[in-house]
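For reference, the chains in residue letters:
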Amino acid sequence: MLEIKHLTKTFGEKRAVDDLSLEIKNGEIYGFIGHNGAGKTTTLKSVCGIQSFDSGEITLDGVSVTADPLTFKKRIAYIPDNPDLYEFMTGIKYLNFIADIFGVGEKERQERIKKYADTFELTADLAQPIGAYSHGMKQKLSIISAWIHEPEMIIMDEPFVGLDPVASHKLKEMMREVCDNGGAIFFSTHVLDVAEKLCDKVAIIKEGKLIKSGTMEEVKGDDSLEAAFLELEE
Amino acid sequence: MVKTLLKKQLAEIFKTYFFDFKKNKPRSKAKTAILFVVFALLIVFIAGFMFGAFAYMLRDIAAAEPFRWLYHAIFFLLAVLLGVFGSVFSTYSGLYLSKDNDLLLSMPIPVRVIMLTRLLGVYIMGLLYSATVIIPATVVYMITCPVTVGGVFGALLQIFNISVFVMVLSCALGYVVARISVKLKNKGYVTVIISVLFIALYYYLYFNATSFIGELIGNIALYGEKIKEHAHIIYVIGKAAEPDTVPTLAVTVAGIVLLVATMLVISKSFLKVATSSATVKKAQYKQKNTRRRSVFGAVLAKEAKRFASSPNYMLNCGFGILFLIAFGVLFIIEGDAVANIVNMFPSVFQRGFFVILAPAVCLIVSMNDIAAPSVSLEGKTLWQIRSLPVPTKTVLKAKYSFQILVNTIPTVFCVACIIAVLRPDPLTGVLLSLFCLLYVCFHALFSLFCGLLKPNLNWTNEIFAIKQGLDVLFAIFGGFGYCVAIGALWFLACRIMDARIYLAIALAVTAVLTFLLYRFINRKGVKLFEQL
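Residues numbered from 1 in each chain as written. Chains lettered and ligands numbered in written order. Predicted model: local features only at pLDDT ≥ 70, side-chain atom pairs only at ≥ 80, totals over all residues. Heavy atoms only, no water.

(A) Here's a closer look at the side chain of Arg112 of chain A. Structurally, Arg112 of chain A can be placed in helix H4 (residues 106-119). Setting aside residues no more than four positions away along its own chain, Arg112 of chain A makes contact with Val104, Ala117, Trp147, Ile148, His149 and Glu150 of chain A. (Helix = DSSP H or I, 4+ residues; strand = E, 2+ residues; numbered from the N terminus. Contact = heavy atoms within 4.5 Å.)

(B) Structural detail: the pairing of strand S9 (residues 201-206) of chain A. Residues and elements named next belong to chain A. Most of S9 sits inside the fold, with five of its six residues counted as buried. Direction of pairing for S9 relative to strand S10 (residues 209-215): antiparallel, over a ladder of six bridges. When the bridges of S10 are listed, Ile205 appears paired with Leu210. (Buried < 20%, exposed > 50% of the residue type's maximum accessible area, 1.4 Å probe, protein only. Pairing = 2+ DSSP bridges.)

(C) Layout of a nonpolar patch on the surface. A surface patch of nonpolar side chains, about 690 Å² in accessible area, is lined by Ile501, Ile505, Val509, Val512, Leu513, Phe515, Leu516 and Tyr518 of chain B. Checked against the element boundaries, Phe515 of chain B lands in helix H24 (residues 499-530). (Patch = residues over 30% accessible without salt bridge, like charges linked within 9 Å, V, L, I, M, F, W, Y side chains within 5 Å. Areas by Shrake-Rupley, 256 points an atom, 1.4 Å probe, with all protein chains shown as cover. Salt bridge = Lys/Arg side-chain N within 4 Å of Asp/Glu carboxyl O.)

(D) Geometry of the domain arrangement of chain B. Residue and element names in this part refer to chain B. Considered domain by domain, chain B is made up of domain 1 (29-275) and domain 2 (295-530). One C-alpha centre belongs to domain 1, the other to domain 2; they are set 30 Å apart. At the junction of the two partners, domain 1 supplies 24 residues and domain 2 supplies 18 residues. Across the interface of domain 1 and domain 2, roughly 1,800 Å² is buried in total on both sides, 77% from carbon and sulfur atoms. Between domain 1 and domain 2 we count zero residue pairs in polar contact (both at pLDDT 80 or more) in total. Where the side of domain 1 that touches domain 2 is concerned, the elements lending two or more residues are helix H3 (29-57), helix H5 (68-96), helix H7 (111-144) and helix H9 (187-218). Among the elements that make up the side of domain 1 that touches domain 2, the one with the highest residue count is H9 (eight residues). By residue class, the composition of the side of domain 1 that touches domain 2 is 14 nonpolar, nine polar and one charged. (Domains from an automatic or database assignment. Buried area = accessible area lost by both parts, 1.4 Å probe. Polar contact = N/O pair within 3.5 Å; in protein donor to acceptor, adjacent residues only side chain to side chain. Nonpolar A, V, L, I, M, F, W, Y, C, P; charged D, E, K, R; others polar.)

(E) Geometry of the sheet that holds strand S7 (residues 153-157) of chain A. Residues and elements named next belong to chain A. Ordered by their spatial adjacency, six strands build an open sheet running S6-S7-S8-S3-S9-S10, and the pairing between neighbours is mixed. Each of the sheet's edge strands pairs with one partner strand only, and the pair in question is strand S6 (76-79) and S10. Strand-to-strand twist across the sheet, computed as the mean angle between neighbouring axes with direction ignored, equals 15°. One ladder, built from four bridges, connects strand S3 (residues 29-33) with S9; its direction is parallel. Opposite Ile33, over in S9, you have Ile204 as the bridge partner. Docked against the sheet, helix H5 (residues 135-147) engages S6 and S7, running at close to 175° with respect to S6. (Axes fitted to C-alpha atoms, helices over the stretch in contact; angles between N-to-C directions.)

(F) Structural detail: helix H15 (residues 320-333) of chain B. Residues and elements named next belong to chain B. Taking 1.5 Å of rise per residue, 14 residues should cover 20 Å, and H15 covers 19 Å from first to last C-alpha, within 8% of that figure. Within the sequence span of H15, burial applies to Gly320, Ile321, Leu324, Phe327, Gly328 and Phe331. The buried residues of H15 all sit within an arc of 130° when viewed along its axis, so they share a single face. (Expected span 1.5 Å × (residues − 1). Arc of directions from axis to C-beta.)

(G) Structural detail: the interface of chain A and chain B. Listed per partner, the contact involves 37 residues of chain A and 31 residues of chain B. Surface buried jointly by chain A and chain B totals about 3,200 Å² across both partners, of which 61% is contributed by carbon and sulfur atoms. Where chain A touches chain B, the interface holds seven residue pairs in polar contact (both at pLDDT 80 or more). Of the residues belonging to the side of chain A that touches chain B, the class tally is 20 nonpolar, seven polar and 10 charged.

Pasting the structure below:
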């Protein structure tokens, strides 16, 4: 279970995240929505140890991201909103690099690379340098790299941006599969229809503060998620 | 529009002078001024020592009135050669590979305006390099010959003409590289090989220039007439700087015409080249077994791949490797002559020769500052290494270890050649070897230290991180300064101590500094990297 307790992060005078608390349990797909600059990316980056924060605590099954960042990071994967990958590597070299860092065995990595690269129809392009990839291809590679060590928790920032409809559909299936196998997904999105259909729980953030969270039914009630979101934003 | 783009281009070139990326705020005017003064002093130091001395050797030509044109012509050609040499590596990437090409091309900005602002970067680089030759040459000329209004005008015009010719040649070469690279598979290596050949030619001419100049000064009238007769263009170039009306007009007009022609060719093809993707055959992926690496091995391999993927990185931060090998080979070839000279002195003075040789080898090692820009080169991909379960110490260790690995073998080769030729006593040989190898470690840590203190993660073209950052400047010239200090202090110490004792003290001091840098990187350096 991922626990975020009283997370606060300021940039100069601005409080990007203000006393935010959330719990993401195993088996849940947790959506994180809010307008641009609401603090979603800052929260996600803090959760995966990329960004330091001023106060609060983030733990995964009791392991703290600040006290024991390596153990924490070994159990998660992060997909950023903009896939700035190592463009000087080929796709396959990049995947092997990630597999090496996470200590994935030779046999397992081969199987997983084949499985996920075939899923996203990227196999034929794996020998190409990442610099020659389109945005969508980079996003696919980023997704494959996140799945390569079978993490317990996957944190994604706008994962559907740049993906074609087929790849988006496959990603949704993969997200559900992770949760069915006892993992969890925490992701931000602006596509409220997707969030409504896919998420078990959802949290809405506004100006750094969590304004509503809970199961989809609790948050949206009888309205659509879009209507509930717009109402809360006003 | 042009003003806005020029401002952006200039801001990018000199960004690190105005903005502190570590503190994420603009520098104070005083700090900016200090940085510019330090930069200017470094240029004056290089120009003064290298080309000032060279110009002084040729002052007799400047003094011989009928052949003053020859003095101007020699420095014109040398300045153009150095200017092209200095900026040719960055011209291709500076003109065509900027990351904001797509952004600017999508805006209602004429292509020629984008191209013009890119050319400004090329122009400034070429001007800086050629100024290191022409300014000391002009100063020596003004000291040697009577200063006249015409002379000053001629000197200014020559600087302008040189900068124009440097830009024309740099752009022409950059254009050729661009046209070739869209068809090449391993263009990084090809670019490096072509550049190395170019540089080898440059140094061949440079080293042979000394004997040529001796001959020239001895027979100035003969050669002057021959050049005038058979290579009249050199005569015209030289006369243009005197200045002499017709040659001055001819050279200036020729430069401007060539510049306009170059700009026309580039502006016609800029869009096509800047937006073209390689037309090489697509590499086919074949599944095969891969060897599993340790975390450190994987991060080290990443650094190696980063280095090998960029000709700019290889040429600007690893060129000393070739110099180390060349220096060793030179010792083997010219070894007997060097050994004979050294053997003429008593053994106590012979050992002193090694005190000079040790920092000389280290000076070449200082040219390889791979670790310095490695922090800045993380750029927008920094999130990657930060999100992975890799200790920051390991990330930094990979950066300085790669520089050590790359430098060790050529340094060992170079030192082995020196020892094989000069055959010092065993203790001196051991001290020389240990000092040079320890310096390899010292400079790798020092380069990373500079990279951590002065990072620039917000570049739009890697050349800004590789070549123009303060981290790189400090890493190279800091290393140079340390080597010069070790060598210079020997001349004071030689009166009171044996060369071996001096080498042992230099070794101990370097060891202490290396340890302090190592400790800094593993403590404060880790924090600095994590705060980026």
